[in-house]
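Chains, contacts and geometry: an overview
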Amino acid sequence: MTSKELIKYLQNPATISQADIYDVEQLYEQYPYCSAIAILYLKALADREDLKFNNKLKKIALSVYSRERLHEIITLKPEAKQISEPKFTPYSIEDIPTA
């Protein structure tokens, strides 16, 4: 799998074919602590209702940075175009109250 293919799958997980799941699984086994790859693999399993999904979910949920985000991604419908950006509210130093 090339880096361009990986980026394409990260941007739109619905494009992963059944044949590509094996490649994603190999990446996950090679880099088990990379949350993006782990979530992508889990999403591919969820979309295809794979029997491995429940066991992998238990393992991956322990190592991801945000279980809320994991749930959002997994429950995203396969026909959805792209995953939304994480919610982030920037603050400036002027927003900090002074005593």
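Now for a description of the structure that goes with this document. (Residues numbered from 1 in each chain as written. Predicted model: local features only at pLDDT ≥ 70, side-chain atom pairs only at ≥ 80, totals over all residues. Heavy atoms only, no water.)

**Digging into unusual backbone geometry**
Quick note on the threshold: Runs of H or I in DSSP of at least four residues are treated as helices and runs of E of at least two as strands, each being numbered from the N terminus. For each residue, the accessible area found with a 1.4 Å probe, counting protein chains only, is set against the maximum for its type, and the residue is called buried under 20%, exposed over 50%, and partly exposed in between.
For glutamate 49, which is not a glycine, the phi torsion comes out positive at approximately 50 degrees. With respect to the element layout, glutamate 49 can be found in the loop between helix H3 (35-47) and helix H4 (53-61). Glutamate 49 gets classed as exposed once you look at its relative accessible area, which sits at 70%.

**Remarks on the side chain of arginine 69**
Definition in use: In protein, a polar contact requires one atom able to donate a hydrogen and another able to accept it; more generally it is a pair of N or O atoms within 3.5 Å, and residues adjacent in sequence count only if both atoms are side-chain atoms.
In this structure, arginine 69 sits in helix H5 (residues 67-74). Of the residues examined, arginine 69 reaches a relative accessible area of 11% and is grouped as buried. Reaching out from arginine 69, the side chain makes a polar contact with the side chain of glutamate 72 at a distance of 2.8 Å.

**Description of the environment of glutamine 11**
Summarising the element assignment, glutamine 11 is placed in helix H1 (residues 3-11). Sequence spacing of glutamine 11 and leucine 40 is 29 residues, and the spatial spacing of their C-alpha atoms is 9.8 Å.

**A few points about H3**
Rule in force here: Expected helix span is given by 1.5 Å per residue-to-residue step, counting one fewer step than there are residues. Whether two residues are in contact is decided by their heavy atoms, any of which lying within 4.5 Å being enough.
Under the 1.5 Å per step criterion, the end-to-end length of H3 is 18 Å for 13 residues, consistent within 8% with the ideal 18 Å. Counting buried positions along H3 gives eleven out of 13 residues, so the element sits mostly inside the fold. Those residues of H3 lying buried are Ser35, Ile37, Ala38, Ile39, Leu40, Tyr41, Leu42, Lys43, Ala44, Leu45 and Ala46. Considering only its buried residues, H3 is in contact with H1, helix H2 (18-30), H4 and H5. Just beyond H3, the residue with positive phi is glutamate 49, at close to 50 degrees.

**Topic: the pattern of salt bridges**
Heads up, the condition is: Salt bridges are defined as contacts in which a side-chain nitrogen from Lys or Arg sits within 4 Å of a carboxyl oxygen from Asp or Glu.
In total, this model carries three salt bridges according to the counting rule given. Notably, a salt bridge pairs glutamate 25 with lysine 52, separated by 3.4 Å at the nearest N-O pair. Here glutamate 25, found in helix H2, pairs with lysine 52, found in the loop between H3 and H4; they are 27 residues apart in sequence, far enough to count as distant. For glutamate 25, a relative accessible area of 13% puts it in the buried group. Take lysine 52: its relative accessible area is 37%, and that puts it in the partly exposed class. Residues aspartate 47 and lysine 43 are paired through a salt bridge, measuring 3.0 Å at the closest nitrogen-oxygen approach. Taken together, the positions of aspartate 47 and lysine 43, both in helix H3 and four residues apart, correspond to about one turn of that helix.

**Overview of the packing of H3 against H4**
Definition in use: The axes used here are C-alpha line fits, helices contributing only the stretch in contact, and every angle between their N-to-C directions lies in the interval 0 to 180 degrees. Roughly parallel here means an angle under 35 degrees, roughly antiparallel means over 145, roughly perpendicular means 65 to 115, and every remaining angle is called oblique. In this scheme the crossing of two helices becomes right-handed for a clockwise turn of the near helix relative to the far one and left-handed for an anticlockwise turn of less than a right angle. Note that Gly is not counted as nonpolar here; it falls among the polar residues with everything else outside the nonpolar set of Ala, Val, Leu, Ile, Met, Phe, Trp, Tyr, Cys and Pro and the charged set of Asp, Glu, Lys and Arg.
The N-to-C vectors of H3 and H4 enclose an angle of 155 degrees; their axes lie 10 Å apart at closest approach. Taken as axis vectors, H3 and H4 run roughly antiparallel relative to one another. Crossing geometry of H3 relative to H4 is assigned as left-handed. On the side of H3, the interface is formed by Ala38, Tyr41, Leu42, Leu45 and Ala46, while H4 contributes Phe53, Lys56, Leu57 and Ile60. Considered class by class, the residues forming the contact of H3 with H4 number eight nonpolar, no polar and one charged.

Interpretation note: all reported values are geometric properties and have no functional meaning in isolation.
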